[in-house]
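# Per-entry structural report
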Amino acid sequence: MEAIIQTEKLSHIYSAGTPFEHGALIDVDFTAYRGEYLGIIGHTGSGKSTLIQHLNGLLKPTSGRVLFEGKDIWETKERTHQTRFQVGLVFQYPEYQLFEETVYKDIAFGPRNMKLSEAEIDRRVREAAAFVGLSDAILEQSPFELSGGQKRRVAIAGVIAMEPSVLILDEPTAGLDPVGVENILSNIHDYHVAKNATIIIVSHSMEEVARTVDRLVVVNDGRIPFAGAPCEVFAHEEELIAMGLGVPQVTRVLHQLKKLGVDVDDTVYTMEQAKAAVMAAYRARKGAV
Amino acid sequence: MALKDITLGQYFPGNSILHRLDPRTKILLTVMYIVALFLAKQLVGYGIMMVVLASAIAVSKVKLKTIFRGLKPILIIIIITAFLNLFWTPGQTIWKWGFLNLTVEGIWSAVFMVLRISMLILCTFLLTYTTSPILLTDGLENLMNPLKKIHVPVHELSMMMSIALRFIPTLIEETDKIMSAQKARGADFDTGGLMDKAKALIPLLVPLFISAFRRADELAIAMECRCYHGGEGRTRLRQLKYRKADAAFLVGGLAVCVAVGVLAHFGL
Ligand SMILES: Nc1ncnc2c1ncn2[C@@H]1O[C@H](COP(=O)(O)OP(=O)(O)OP(=O)(O)O)[C@@H](O)[C@H]1O
Ligand SMILES: [Mg+2]
């Protein structure tokens, strides 16, 4: 696999030189591969938001480097600026950054900053709106008249419209109802498939990320203790619980079953996989009797 | 540099004797110090003021680096003052070049002016560094209580001040966040002419105002829900109380003030 974003010994210290000095990231080596769907999980205050803000050059490393497609994003000013368009970042509660008179204009803000032609801007705005399921009628409304969930989608469309090759989302489903969560997750998945984009999604819900991602990176106290496929990461159940994270409920149930002596595959983390594993164990047992 | 690193008027928690003094004492001491600063005329007077400030800083345990960083924003004012005093004070000329006229008196008055301004700023900083905003407004309200007799809305003023102080860091944080979010969409706040820069502020200011109004709304509702109805008959969780140390410090402050005044009278 080819790396698209990498950090080398990345450290970030907030308020350096004041009594509030705080090391939020310490010697982090992070890699995202081209075209993958990556999840970042960590307890509140572990440094997730700090990490992702380095990936598109919003925060400058206190020490260490950030590479995009193998080149240091801080090499020149121009490079930093270009990286912002290549690596799209949707902030936590992005609905608070809307400012234009109409939804259309707000989504067009990013593409316009890229100095694209009017026709291209129009195409991108409409396509981005379609990705997140916003109808044409909504495009002409004021963003401030929409519901919270709709605002969130407008904000996400505003980043998608830049057609970034890497899309990073900081807790995109925080504060939404279950249907809203499903919708947003499937919108993101659609973008991933359609543009073959790399997706990095930050979350602290294990259930949610476990279902969607190819690979998981765990952040704890400004470091990355584990990274790998969900089933590999969830094998560290005890460490994860010590970090205040835990594993998905179904995984916990199967780990417990295994402890009780049932011969079942406990490397699963979704309901469907669990069903299959339990059925397989059941059949094996019946066959043996 | 992040906006958050601005230290102006910031509180640094600690447990030194200065931190523990009653806020009213500290406010009064600061006022006394400023009065004494203006009374001081010559070397001995300034010497005393410097020793007092230095020992206060030492006692407060606030880092020297932090304290002096506070002077940075007014560095330019200090430099201009020094320059004006150096070259435009009439007296015994040492060096002359064009309209610049360096005099002995000029050197002295520049030194004194720079000292006076720096010490003035440093002593007020020391007050805010060692006193939490809440205590500071409590103290001010208490000291201004007599003004209620002439219908000055003391309580309302101090409530406004504490709310403003409380929300400054929140607003700065919010500004930082919205700025980052818009930068992530390619907004550029640094380059371009004046017009471009003003225009670039729209994506920042609109969300900021909206959220400020939302916060104000929420705060008003939260206050009403807890039956806030102004200052009438309101009691406090934390009562301000003068202690022995406060009396000692106040007497000491007064003594310094008088001493500096008397010394200045005798031209020292
Ligand atoms: N602007 C800032 N100034 C100072 N400290 C900060 C700042 N932003 C974050 N921190 C600190 O850095 C640490 C990591 O913060 P970060 O926002 O990256 O956490 P997070 O993992 O995103 O948490 P959450 O899940 O709550 O969003 C925290 O301890 C936080 O207090
Ligand atoms: Mg965060």
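Residues numbered from 1 in each chain as written. Chains lettered and ligands numbered in written order. Predicted model: local features only at pLDDT ≥ 70, side-chain atom pairs only at ≥ 80, totals over all residues. Heavy atoms only, no water.

### A look at the pairing of strand E9 (residues 215-219) of chain A
Residue and element names in this part refer to chain A.
- Taken across its 5 residues, E9 has 5 buried, putting it largely inside the fold.
- Both strand E3 (residues 37-42) and E9 contribute to a ladder of 5 bridges, which runs parallel. When the sheet's bridge partners are listed, Gly 42 is paired in E9 with Val 219.
- The sheet contact formed by E9 and strand E10 (residues 227-228) spans 2 bridges and is antiparallel. When the bridges of E10 are listed, Leu 216 appears paired with Gly 228. (Buried < 20%, exposed > 50% of the residue type's maximum accessible area, 1.4 Å probe, protein only. Helix = DSSP H or I, 4+ residues; strand = E, 2+ residues; numbered from the N terminus. Pairing = 2+ DSSP bridges.)

### A short note on the site of ligand 1
- Around ligand 1 lies a shell of 15 residues, among which A:Thr44, A:Gly45, A:Lys48, A:Ser49 and A:Thr50 are the nearest.
- Those residues lying near ligand 1 are distributed over chains A and B.
- At 3.2 Å from an oxygen atom of ligand 1 is found a main-chain nitrogen or oxygen belonging to A:Ser46.
- In this structure, A:Thr50 approaches ligand 1 through a side-chain N or O atom, which is 2.5 Å from an oxygen atom.
- Taken by itself ligand 1 offers 630 Å² of open surface, and the protein chains cover 72% of this.
- Considering each element in turn, the shell around ligand 1 owes the most residues, 3 residues, to helix H1 (residues 48-55) of chain A.
- Grouping the amino acids of the shell around ligand 1 by side-chain chemistry returns 2 nonpolar, 10 polar and 3 charged. (Near = heavy atom within 4 Å. Polar contact = N/O pair within 3.5 Å; in protein donor to acceptor, adjacent residues only side chain to side chain. Areas by Shrake-Rupley, 256 points an atom, 1.4 Å probe, with all protein chains shown as cover. Nonpolar A, V, L, I, M, F, W, Y, C, P; charged D, E, K, R; others polar.)

### A few points about the side chain of B:Thr131
All names here are of chain B.
- Among the structural elements, Thr 131 can be located in the loop between helix H6 (104-130) and helix H7 (133-144).
- Within the structure, the side chain of Thr 131 is placed 3.2 Å from the side chain of Lys 26, a separation counted as a polar contact.
- Engagement of the side chain of Thr 131 in a polar contact is seen with the backbone oxygen of Leu 127, the distance being 2.7 Å.
- With sequence-adjacent residues up to four places away left out, Thr 131 is seen in contact with Tyr 11, Pro 23, Lys 26 and Leu 136. (Contact = heavy atoms within 4.5 Å.)

### Quick notes on a positive patch on the surface
Residues and elements named next belong to chain B.
- Side chains of Arg 20, Lys 61, Lys 241 and Arg 243 sit close together on the surface and give a patch of like positive charge.
- Take Arg 243: it is sitting in the loop between helix H10 (202-225) and helix H11 (244-265).
- Using a relative accessible area of 54% as the deciding quantity, one classes Arg 243 as exposed. (Patch = residues over 30% accessible without salt bridge, like charges linked within 9 Å, V, L, I, M, F, W, Y side chains within 5 Å. Salt bridge = Lys/Arg side-chain N within 4 Å of Asp/Glu carboxyl O. Lys, Arg positive; Asp, Glu negative; His and termini not counted. Charge placed at Lys NZ, Arg CZ, Asp CG, Glu CD.)

### Quick word on the domain arrangement of chain A
Residue and element names in this part refer to chain A.
- As far as domains go, chain A holds domain 1 (3-230) and domain 2 (248-289).
- Centre-to-centre, using C-alpha coordinates, domain 1 lies 36 Å away from domain 2.
- Contacts between domain 1 and domain 2 engage 5 residues on the former and 4 residues on the latter.
- Summing both sides of the interface, domain 1 and domain 2 together bury roughly 390 Å²; the carbon and sulfur share of this comes to 71%.
- On the domain 1 side of the contact with domain 2, Glu 207, Ala 210 and Pro 230 bury the most area, a combined 72% of that side's loss.
- Between domain 1 and domain 2 we count 0 salt bridges in total.
- Across the domain 1-domain 2 interface, the total number found is 1 residue pair in polar contact (both at pLDDT 80 or more). (Domains from an automatic or database assignment. Buried area = accessible area lost by both parts, 1.4 Å probe.)

### Quick word on the environment of A:Ser165
Residues and elements named next belong to chain A.
- Relative to the assigned elements, Ser 165 resides in the loop between helix H6 (148-160) and strand E7 (166-170).
- By relative accessible area, Ser 165 is classed as partly exposed at 24%.
- Once the C-alpha coordinates of Ser 165 and Phe 85 are considered, the two residues, 80 residues apart in sequence, prove to be 8.6 Å apart.
- What Ser 165 contacts, discounting residues up to four positions off in sequence, is Ile 4, Phe 68, Gln 86, Ala 197 and Thr 198.

### So, the packing of helix H5 (residues 75-88) of chain B against H6(B)
Residue and element names in this part refer to chain B.
- Between H5 and H6, the shortest axis-to-axis distance is 8 Å and the interhelical angle comes to 160°. By the angle between their axes, H5 is roughly antiparallel relative to H6. Between H5 and H6 lies a crossing whose hand is right-handed. Along the contact surface, H5 presents Ile 78, Thr 81, Ala 82, Asn 85 and Leu 86, while H6 presents Gly 106, Ile 107, Ser 109, Ala 110, Met 113, Val 114, Ile 117 and Ser 118.
- When grouped by side-chain class, the residues that make up the contact of H5 with H6 number 8 nonpolar, 5 polar and no charged. (Axes fitted to C-alpha atoms, helices over the stretch in contact; angles between N-to-C directions. Parallel < 35°, antiparallel > 145°, perpendicular 65-115°, else oblique. Left-handed = near helix turned anticlockwise from the far one by under 90°.)

### Regarding the layout of surface pockets
Residue and element names in this part refer to chain B.
- In this structure, the second largest pocket encloses a volume near 1,100 Å³.
- Contributing to the lining of the second largest pocket are 35 residues, with His 155, Met 159, Tyr 228, Arg 234 and Arg 236 lying nearest its centre.
- Going through the elements one at a time, H7, helix H8 (154-184) and H10 are the ones with two or more residues in the lining of the second largest pocket.
- A per-element tally of the lining of the second largest pocket places H8 first, with 9 residues.
- When its residues are assigned to classes, the lining of the second largest pocket shows 14 nonpolar, 11 polar and 10 charged. (1 Å grid on protein atoms, 1.4 Å probe; cavity = no way out; pocket = protein on both sides within 12 Å on 5 of 7 lines; lining within 4 Å. Points joined across faces, edges and corners; volume = space filled by probe spheres on them.)

### Side note on the environment of B:His155
Residue and element names in this part refer to chain B.
- With respect to the element layout, His 155 can be found in helix H8.
- Placed 53 residues apart in sequence, His 155 and Leu 102 show a C-alpha to C-alpha distance of 52 Å.
- Discounting chain neighbours no more than four positions away, the residues touching His 155 are Glu 141, Lys 148, Tyr 228, Gly 230, Gly 231 and Arg 234.

### Points about the interface of chain A and chain B
- Chain A puts 26 residues into the contact, and the matching count from chain B is 23 residues.
- For the pairing of chain A and chain B, the buried interface totals around 2,100 Å² over both sides, and the portion due to carbon and sulfur atoms is 62%.
- Area buried by chain A at its contact with chain B is led by A:Tyr96, A:Gln97 and A:Phe99, which between them contribute 24% of it.
- Counting across the interface, chain A meets chain B through 1 salt bridge.
- Where chain A meets chain B, there are 3 residue pairs in polar contact (both at pLDDT 80 or more).
- At the level of secondary structure, the elements contributing two or more residues to the side of chain A that touches chain B comprise helix H2 (77-86), helix H3 (103-113) and H6 of chain A.
- Tallied by class, the residues present in the side of chain A that touches chain B amount to 13 nonpolar, 10 polar and 3 charged.

### Quick notes on the sheet that holds strand E2 (residues 22-33) of chain A
Residues and elements named next belong to chain A.
- Taken in spatial order, the 4 strands line up as E2-E1-E4-E5 in an open sheet, and their pairing is antiparallel. Because the sheet does not close on itself, it has two edges, and the strands there are E2 and strand E5 (71-72).
- As judged from the 2 bridges shared by strand E4 (residues 63-68) and E5, these two strands associate in the antiparallel manner. Bridge pairing links Phe 68 to Lys 71 in E5.

### Observations regarding the domain arrangement of chain B
- Considered domain by domain, chain B is made up of domain 1 (1-131 + 241-268) and domain 2 (150-234).
- A straight line from the C-alpha centre of domain 1 of chain B to that of domain 2 of chain B covers 32 Å.

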